[in-house]
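# A look at the structure
Next come the chains, spelled out residue by residue.
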Amino acid sequence: MWKEIPVPFYLSVYFFDVINPRDILQGQRPQVRERGPYVYREFRHKSNITFNDNDTVSFLEYRSFQFQPDKSRGLESDSIVMPNILVLSAAMMMENGPMSLKLIMTLAFSTLGERAFMNRTVSEIMWGYEDPLIHLINKYFPNMFPFKGKFGLFAELNNSDSGLFTVFTGVKNFSRIHLVDKWNGVSKVNFWHSDQCNMINGTSGQMWAPFMTPESSLEFYSPEACRSMKLIYKEQGVFEGIPTFRFVAPNTLFANGSVYPPNEGFCPCRESGIQNVSTCRFNAPLFLSHPHFYNADPVLAEAVSGLHPNPEEHSLFLDVHPVTGIPMNCSVKLQLSLYIKSVKGIGQTGKIEPVILPLMWFGESGAMEGETLQTFYTQLVLMPKVLHYAQYVLLALGCVLLLIPIVYQIRSQEKCYLFWSSSKKGSKDKEAIQAYSESLMTSAPKGTVLQEARL
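If you check an unreviewed UniProt entry, the protein chain appears there as Scavenger receptor class B member 1 from Balaenoptera acutorostrata. Word for word, the UniProt comment on the protein chain under Sequence similarities (unreviewed entry) is "Belongs to the CD36 family."

### Digging into a nonpolar patch on the surface
A surface patch of nonpolar side chains, about 500 Å² in accessible area, is lined by L394, L397, V400, L401 and I404. Structurally, V400 can be placed in helix α9 (residues 370-443). Under the relative-accessibility criterion, V400 is labelled partly exposed at 45%.

### Focus on the packing of aromatic side chains
With the rule as written, the count across this model stands at 16 aromatic pairs. Consider the rings of W127 and F154, whose centres lie 6.3 Å apart with planes at 65°: the pair is edge-to-face. Taken together, the residues W127 in helix α4 (residues 122-127) and F154 in the loop between α5 (132-140) and β6 (160-168) connect sequence positions 27 residues apart. Each of the two residues, W127 as well as F154, counts as buried. Taken together, the ring pairs in this structure connect Y40, F65, F67, W127, F154 and F362 into an aromatic cluster. Directly above the ring of Y10 sits K71, whose terminal nitrogen or CZ lies 5.1 Å from the centroid. Residue placement shows R120 over the ring face of Y129; its charged tip is 4.0 Å from the ring centre.

### As for helix α3 (residues 99-112)
Here α3 is 14 residues long and its end C-alpha atoms lie 20 Å apart, about the 20 Å a rise of 1.5 Å per residue gives. Within α3, the full set of buried residues consists of K102, M105, T106 and F109. Take α3 and look down its axis: the buried residues cluster within an arc of 100°, on one side only. α3 presents L103, I104, L107 and T111 as exposed residues on the side facing more than 90 degrees away from its buried surface. For α3, the elements touching its buried residues are α2 (85-93) and α5. After α3 finishes, the residue G113 shows a positive phi value of roughly 75°.

### Describing the pattern of salt bridges
This structure, assessed with the given rule, holds twelve salt bridges. One salt bridge in this structure joins E364 and R63, with 4.0 Å as the shortest N-O distance. Within this pair, whereas E364 is found in strand β15 (residues 355-367), its partner R63 is found in strand β3 (residues 56-67), the two being separated by 301 residues in sequence. When its relative accessible area of 9% is taken as the criterion, R63 is described as buried. Among the ionic pairs, D319 bridges to R246, the shortest N-O distance being 2.7 Å. In this pair, D319 sits in strand β13 (residues 317-321) while R246 sits in strand β10 (residues 242-248), placing the two residues 73 residues apart along the sequence.

Rules used throughout
- Residues numbered from 1 in each chain as written.
- Predicted model: local features only at pLDDT ≥ 70, side-chain atom pairs only at ≥ 80, totals over all residues.
- Heavy atoms only, no water.
- UniProt positions renumbered as here; feature names shortened; annotations may be inferred.
- Patch = residues over 30% accessible without salt bridge, like charges linked within 9 Å, V, L, I, M, F, W, Y side chains within 5 Å.
- Areas by Shrake-Rupley, 256 points an atom, 1.4 Å probe, with all protein chains shown as cover.
- Salt bridge = Lys/Arg side-chain N within 4 Å of Asp/Glu carboxyl O.
- Helix = DSSP H or I, 4+ residues; strand = E, 2+ residues; numbered from the N terminus.
- Buried < 20%, exposed > 50% of the residue type's maximum accessible area, 1.4 Å probe, protein only.
- Phe/Tyr/Trp six-rings, centres within 6.5 Å; stacked < 30°, edge-to-face > 60°.
- Lys NZ or Arg CZ within 6 Å of the ring centre and 35° of its normal.
- Expected span 1.5 Å × (residues − 1).
- Arc of directions from axis to C-beta.
- Contact = heavy atoms within 4.5 Å.

Below you can see the structure in the form of structure tokens.
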């Protein structure tokens, strides 16, 4: 089960379709509408599994995605209007560059037909599209982008691994089960500006140490977010008859350094509730947050028309069986946004007012079901209940078995006592009657004795 996870995972993607791209270029407030979900079945399997001598195991986990039209609200051929990430990111990178280079870039964008907003299909945005700008940038700035072919938001995730994980097996110390020892050979990353933020803490996000309490927390390292995240206990619950602990994201998960000082290492920061991930995403001005800027500074959602944050739809949670530390049900939701603004000298950016514009949000969900769920229910719920009541049945049976010889012994003693008592009493009565008769014979007149004898 650890190697080939039997739980079906689904990736649900929602896009923010830009309604007024021309107005945005004139400095007006962006308007978006949510499109989706576009649902993909996610398949995971581990390979290159190597058990090491120090109670660790190394592995690569590959993922692949398959579109599920019956679960989706739309098709991969649907067209979405969204910011041109390549153009606007390149413009932001050149904001402080020489004006001559900016003018050359503007000319190059015009020649290639690049604009600030693009109209692409869901499939192209997800898995990549050919763009002449990529070839131009790779030719003159070979180290600017890590990709050489198609550009897509999830192109690097499909049919690829999430890095080499080395985790503890828990054989020698089960409290360390699945804790990450190293990721890609390192025990800490170098994306951030403090040792605390660069630390690789927790597990790889698939299981945690058993015997949890409400004081426990869930910590895991996410290669996509380039950081470790910690979830906190919220409440007890039941999933398909199995008791669970629900863990949720704290309010400080994406808080900026002024609100939560330990997050200062993730800065430069903007409003609280969004995390700048540009340092691990080829310096593009990308931000990570909860969907619709839920649990963030209200000014972020107010700056974009069409956003409606609420906890029921946009909060994340993990339901974990506390005895084993294995997730029963989970839904992790995150949003990717792009910081856009007018850059003087690059005509394609027009008069765009500075704004954090959401691109899309996605939720990874998985729930145990079918034969696997039945096995867990039998072993984790049914059998413990049977054993719980069986101990009282066995205790009662043991008491009965102990009482039988005791009762038998008591009854045997009573019979012996009654027999002894009756025998002893009978002999004393005979002796008394005989003595009484003899006394009468010797002391009374003969007629009297005969008369009393008759009586």
